[in-house]
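# Inside the fold
Residues per chain, in single letters:
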Amino acid sequence: PQAAQQLRGAPSPLVLSPPQLPPMLLTELDLIAGRPRHKQAWDALLKWVVLRCSRQRTAHIPNVFHIAYQTVSEDKGTKIKRPVFVLSDRFVENYGVSPALEPEAGVPEPVPGDELNFYQLAITFSESLSKDECYAALKEMLFAICEGCGQRRELRVDFGVGHLVCEDLYVGFEFAGNKRSIF
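Below is a short write-up of the structure.

Moving on, we come to the environment of Leu138. Mapped onto the elements of the fold, Leu138 is located in helix 6 (residues 131-150). Residue classification places Leu138 among the buried residues on the basis of a relative accessible area of 0%. Along the sequence, Leu138 and Arg37 sit 101 residues apart, while their C-alpha atoms lie 9.8 Å from each other. Apart from the residues within four sequence positions on either side, Leu138 is in contact with Ala41, Trp42, Leu45, Phe118 and Leu121.

Here you go:
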């Protein structure tokens, strides 16, 4: 019957498949668009990360990543350190992502004082946010980042000292100023 319809000139049934759209790039601007509280919380986070890294102190964002400083050489009492990006094991397990580069040996683990402190973010780095507002906004944005990576979205999010980058389930960090690119 179908061959007969085609011979008579009747149109064959059209099967539509969903269009293949290019993956959208997710940035920090997508996370804060039209949300002033989220923007304030994100700006506070960036200030905290920049301050920690400018002092060569570990910046630890729990369940996402930490940036530590590893001593590469010593010269007459002066230590030369470089930043090292370490993806959280929980992030890797929960979202099925992999580090762009294998973790290096000898990278210091974060200690309790290195962890993100929402009270400090609100009081020291935001203009008017409460601890709870900071926590809620950042939790939502960090979750969106993690979900985006797990869904194979191309991602490039500014963290003040560089960009968290995700491409095809591989997550890395590109430090600003050519300090060290891990991607």
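Past the structure itself, the notes keep going.
What follows covers helix 3 (residues 36-54). Taking 1.5 Å as the rise per residue, helix 3 with 19 residues should run 27 Å; its terminal C-alpha atoms sit 27 Å apart, in good agreement. His38, Ala41, Trp42, Ala44, Leu45, Leu46, Trp48, Val49, Arg52 and Cys53 are the residues of helix 3 that are buried. In this fold, the buried residues of helix 3 make contact with helix 2 (28-32), strand 2 (59-61), strand 3 (65-75), helix 5 (118-125), helix 6 and strand 6 (154-158).

So, on to the packing of helix 3 against helix 5. To characterise two packed helices, one gives the angle between the axes of the helices and the distance between these axes. Viewed as axis vectors pointing N to C, helix 3 and helix 5 meet at an angle of 100°, and their least axial separation amounts to 9 Å. Here helix 5 runs roughly perpendicular to helix 3, going by the angle between their axes. Every residue of helix 5 that contacts helix 3 at Ala44, Leu45, Lys47, Trp48 and Leu51 is listed here: Gln120, Leu121 and Phe125. Here the residues of the contact of helix 3 with helix 5 sort into 6 nonpolar, 1 polar and 1 charged.

Before going further, it helps to examine the state of the cysteines. Tallied over the entire structure, the rule returns 0 disulfides. The thiol of Cys149 is not disulfide-bonded; the next cysteine sulfur, from Cys166, is found 3.4 Å away. With relative accessibility at 0%, the residue Cys149 sits in the buried group.

To continue, consider the pattern of salt bridges. Enumeration according to the criterion identifies 6 salt bridges in this entry. Residue Asp43 pairs with Lys39 through a salt bridge whose shortest N-O separation is 2.9 Å. Of the two residues, Asp43 and Lys39 both sit in helix 3, 4 residues apart, roughly one turn of that helix. A residue is classified by how much of its surface remains accessible, and Asp43, at 28% relative accessible area, is partly exposed. For Lys39, a relative accessible area of 39% gives the class partly exposed. A salt bridge links Asp114 to Arg52, with the shortest nitrogen-to-oxygen separation between them at 2.8 Å. Linking Asp114 in the loop between strand 5 (98-99) and helix 5 with Arg52 in helix 3, this pair joins segments that are 62 residues apart in sequence. Both residues of the pair, Asp114 and Arg52, count as buried.

Now for the packing of aromatic side chains. Summed over the entire model, instances satisfying the criterion amount to 8 aromatic pairs. Aromatic side chains Phe91 and Tyr95 sit 5.7 Å apart centroid to centroid with 70° between the ring planes, which places their arrangement in the edge-to-face category. Taken together, the positions of Phe91 and Tyr95, both in helix 4 (residues 89-95) and 4 residues apart, correspond to about one turn of that helix. Tyr95 carries the same exposure label as Phe91, and that label is buried. Members of the aromatic cluster, each reached through a chain of ring pairs, are Trp42, Phe65, Phe85, Phe159, Phe173 and Phe175.

Rules of the game
Residues numbered from 1 in each chain as written. Predicted model: local features only at pLDDT ≥ 70, side-chain atom pairs only at ≥ 80, totals over all residues. Heavy atoms only, no water. Helix = DSSP H or I, 4+ residues; strand = E, 2+ residues; numbered from the N terminus. Buried < 20%, exposed > 50% of the residue type's maximum accessible area, 1.4 Å probe, protein only. Contact = heavy atoms within 4.5 Å. Expected span 1.5 Å × (residues − 1). Axes fitted to C-alpha atoms, helices over the stretch in contact; angles between N-to-C directions. Parallel < 35°, antiparallel > 145°, perpendicular 65-115°, else oblique. Nonpolar A, V, L, I, M, F, W, Y, C, P; charged D, E, K, R; others polar. Disulfide = S-S within 2.5 Å. Salt bridge = Lys/Arg side-chain N within 4 Å of Asp/Glu carboxyl O. Phe/Tyr/Trp six-rings, centres within 6.5 Å; stacked < 30°, edge-to-face > 60°.

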